[in-house]
Amino acid sequence: MPRGRYSLHDTHDHAPLGEEHFQCATGPSGWRYYSRTTTASGDETGSTDLTLDELGRPIRLQLHASGWQVRGAALDGVTWVRSDPDGAHAQQGNVTAHGFAGNSPAFLVATARLLRLAPRAEATRVRLVALTPPVLAPLTVDQSWSLVETETHTTDNGPLTVDNYRINDLQTGEQRLVHIAGDVVLAAPGVELEELESPPSSFP
């Protein structure tokens, strides 16, 4: 069960945004990821609880940030309920999409697991509902994903296989490179893996 810490920073000016302390686990029925985010001084700012089924579909999502809460799942596309800090109002949404996106590295692992791309194959288009900070506002985004290459590195714990993805935002043209080993993001724009207590898990 990997457990560790990501540092998060602004992708434009690289200002530190805080940290995400996480743990995750694979199993015969899918994958679960739980994390809590903090400021640089250690104050808690939110949490992510995501469960995928064996096909990589989000069967349970619960996010908290700035007092707001989102619960979601893959249902007729993706469906979610967003609640305000006071709990007085709840808004339900539904979009024909493949999954969710957000600030947590968990969403990068989830999309990679869902697509299961082959190295150097043609890019695959995917539609996601991004839950954007600071109040988890939903935004539908279209991306293309391609697996540029897969590398194997020798480590003290044995071979480590790293998948290098190129992600294009089809609305803005922005391009990102993301490096994932098993169920852990090694590096991505705005994300750096700072600590990892055990090797990444491999999906069955």
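Residues numbered from 1 in each chain as written. Predicted model: local features only at pLDDT ≥ 70, side-chain atom pairs only at ≥ 80, totals over all residues. Heavy atoms only, no water.

Concerning the environment of Thr111
Tracing the backbone through its elements, the reader meets Thr111 in helix H1 (residues 106-115). Classification of Thr111 by relative accessible area gives buried; the value is 3%. Between the C-alpha atoms of Thr111 and Asp86, which are 25 residues apart in sequence, the distance is 32 Å. With sequence-adjacent residues up to four places away left out, Thr111 is seen in contact with Phe100, Val126, Leu128 and Trp145. (Helix = DSSP H or I, 4+ residues; strand = E, 2+ residues; numbered from the N terminus. Buried < 20%, exposed > 50% of the residue type's maximum accessible area, 1.4 Å probe, protein only. Contact = heavy atoms within 4.5 Å.)

Section: empty space enclosed by the protein
Considering all chains together, one arrives at 1 cavity of 30 Å³ or more under this definition. One number sums up the size of the largest cavity: a volume of about 70 Å³. Leu50, Leu52, Gly56, Pro58, His98, Gly99, Phe100, Phe107, Ala110, Thr111, Leu114 and Leu128 are the residues that line the largest cavity. Mapped by element, the contributors of at least two residues to the lining of the largest cavity are strand E4 (44-52), strand E9 (99-101) and H1. If one sorts the elements of the lining of the largest cavity by residue count, H1 sits on top with 4 residues. A class-by-class count of the residues in the lining of the largest cavity yields 8 nonpolar, 4 polar and no charged. (1 Å grid on protein atoms, 1.4 Å probe; cavity = no way out; pocket = protein on both sides within 12 Å on 5 of 7 lines; lining within 4 Å. Points joined across faces, edges and corners; volume = space filled by probe spheres on them. Nonpolar A, V, L, I, M, F, W, Y, C, P; charged D, E, K, R; others polar.)

Considerations on the layout of surface pockets
In this approach the atoms are scanned with a rolling probe the size of a water molecule, which exposes any empty space left behind. Estimates place the volume of the largest pocket at around 1300 Å³. Taken together, 49 residues form the lining of the largest pocket, with Gly102, Asn103, Ser104, Leu131 and Pro133 sitting closest to its centre. Across the lining of the largest pocket, the residue classes tally to 21 nonpolar, 22 polar and 6 charged. Here the second largest pocket is characterised by a volume of approximately 500 Å³. If you go around the second largest pocket, you meet 24 residues; those closest to its centre are Thr161, Ala181, Gly182, Ser201 and Ser202. Contributing elements (two or more residues each) for the lining of the second largest pocket: H1, strand E11 (137-155), strand E12 (158-169) and strand E13 (175-181).

A look at the pattern of salt bridges
Counting across every chain of the model gives 9 salt bridges. In this structure, Arg32 and Asp49 form a salt bridge, with 2.7 Å as the shortest nitrogen-oxygen distance. Here Arg32, found in strand E3 (residues 30-38), pairs with Asp49, found in strand E4; they are 17 residues apart in sequence, far enough to count as distant. Judged by relative accessible area, which is 8%, Asp49 ranks as buried. Across the pair Asp53 and Arg57 runs a salt bridge whose closest N-O atoms are separated by 2.7 Å. One connected set of salt bridges, linked through shared partners, spans Arg5, Glu19 and Glu195. (Salt bridge = Lys/Arg side-chain N within 4 Å of Asp/Glu carboxyl O.)

Topic: the packing of aromatic side chains
Counted by the stated rule, this structure contains 5 aromatic pairs. Aromatic side chains Trp31 and Phe203 sit 6.1 Å apart centroid to centroid with 65° between the ring planes, which places their arrangement in the edge-to-face category. You can see Trp31 sitting in strand E3 and its partner Phe203 sitting in the segment after strand E15 (191-196), a full 172 residues away along the chain. Overall, Trp31 belongs to the buried group, its relative accessible area being 3%. Look at Phe203 and you get partly exposed, because its relative accessible area is 21%. Taking 5.5 Å as the distance between ring centres and 65° as the angle between the ring planes, the aromatic pair formed by Trp145 and Tyr165 counts as edge-to-face. You can see Trp145 sitting in strand E11 and its partner Tyr165 sitting in strand E12, a full 20 residues away along the chain. Taken together, the aromatic side chains of Tyr6, Phe22, Trp31, Tyr33 and Phe203 make up a single cluster linked through ring pairs. Here the guanidinium or amino end of Arg82 rests over the ring plane of Trp68, the centre of that ring lying 3.9 Å away. (Phe/Tyr/Trp six-rings, centres within 6.5 Å; stacked < 30°, edge-to-face > 60°. Lys NZ or Arg CZ within 6 Å of the ring centre and 35° of its normal.)

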